[in-house]
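The residues making up each chain are set out below.
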Amino acid sequence: MKYEDFPEESLIKESQEGDQKAFEELISRSTKYLFSWIVKKTRSELDAEELLQVTYIKCWKNIKKFKGNSNFKTWACSISRNLFIDQYRKRQKNKEFSLEEYPDAHTYQRAEFGDGLKKVENEDLQNSLEMVLDKLPEKHREVLVSSAVEELSYKEMSKKFNCSIGTVMSRLYYARKKARRLISYKKNVRQ
């Protein structure tokens, strides 16, 4: 079966009957949209990746409850939003500060300035990473994220992408090579 040709309603029905390949196609169609939506909320690609994975797990577990009153990606966004709110509340409740992280914590303004500086530096790094990932072909971006962020083994990636371990290794090699070239180019442009 070519799931790429299926309308969304059929993919949802197949997924509700336990068809993982149909669900993977739903994920494929919604990942770019959902990931950018989550990044806007979390302001962190790493947090967004984690939240995206948890969202899809929760979607799979609850796919039988999906009534089809909206698009799949809209439904996934509502699940993601609820997970984000839960995560935010949990972090606020357990917020702790380390004295090593803020050696000048006794001076409120200095700590606040340090936070702002770190935030700017992190945003620059995040923007650079987003730029690099956006310029990579999808198959290279996926394998690079699976390796670096999800820390999947070659075998796990082979199963995830339904290809041989050799193909995974090749894709990862070229993904890293292209990413290095893009980073090097960006550094040269800045200088």
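Residues numbered from 1 in each chain as written. Predicted model: local features only at pLDDT ≥ 70, side-chain atom pairs only at ≥ 80, totals over all residues. Heavy atoms only, no water.

## Some remarks on the packing of helix H6 (residues 138–148) against helix H7 (residues 154–161)
Consideration 1: Interaxial distance between H6 and H7 falls to 10 Å at its minimum, and their mutual angle equals 140°. For the element pair H6 / H7, the angle class is oblique. Seen along the crossing, H6 lies across H7 with a hand that is right-handed. Of the residues in H7, those touching H6 at Glu142, Val143, Ser146 and Ser147 are Met157, Lys160 and Phe161.
Consideration 2: Taken together, the residues of the contact of H6 with H7 sort by class into three nonpolar, two polar and two charged. (Axes fitted to C-alpha atoms, helices over the stretch in contact; angles between N-to-C directions. Helix = DSSP H or I, 4+ residues; strand = E, 2+ residues; numbered from the N terminus. Parallel < 35°, antiparallel > 145°, perpendicular 65-115°, else oblique. Left-handed = near helix turned anticlockwise from the far one by under 90°. Contact = heavy atoms within 4.5 Å. Nonpolar A, V, L, I, M, F, W, Y, C, P; charged D, E, K, R; others polar.)

## A word on H7
Since one α-helical turn is 3.6 residues long, residues separated by three or four positions face the same way.
Consideration 1: Considered for burial, the residues of H7 that qualify are Met157, Ser158 and Phe161. Across the axial projection of H7, the buried residues extend over an arc of 105°, all falling on one side. For H7, the exposed residues lying more than 90 degrees away from the buried face are Lys155 and Lys159.
Consideration 2: Phi turns positive, to about 55°, at Asn162, one or two residues after H7. (Buried < 20%, exposed > 50% of the residue type's maximum accessible area, 1.4 Å probe, protein only. Arc of directions from axis to C-beta.)

Any functional reading would require information beyond the geometric quantities listed.
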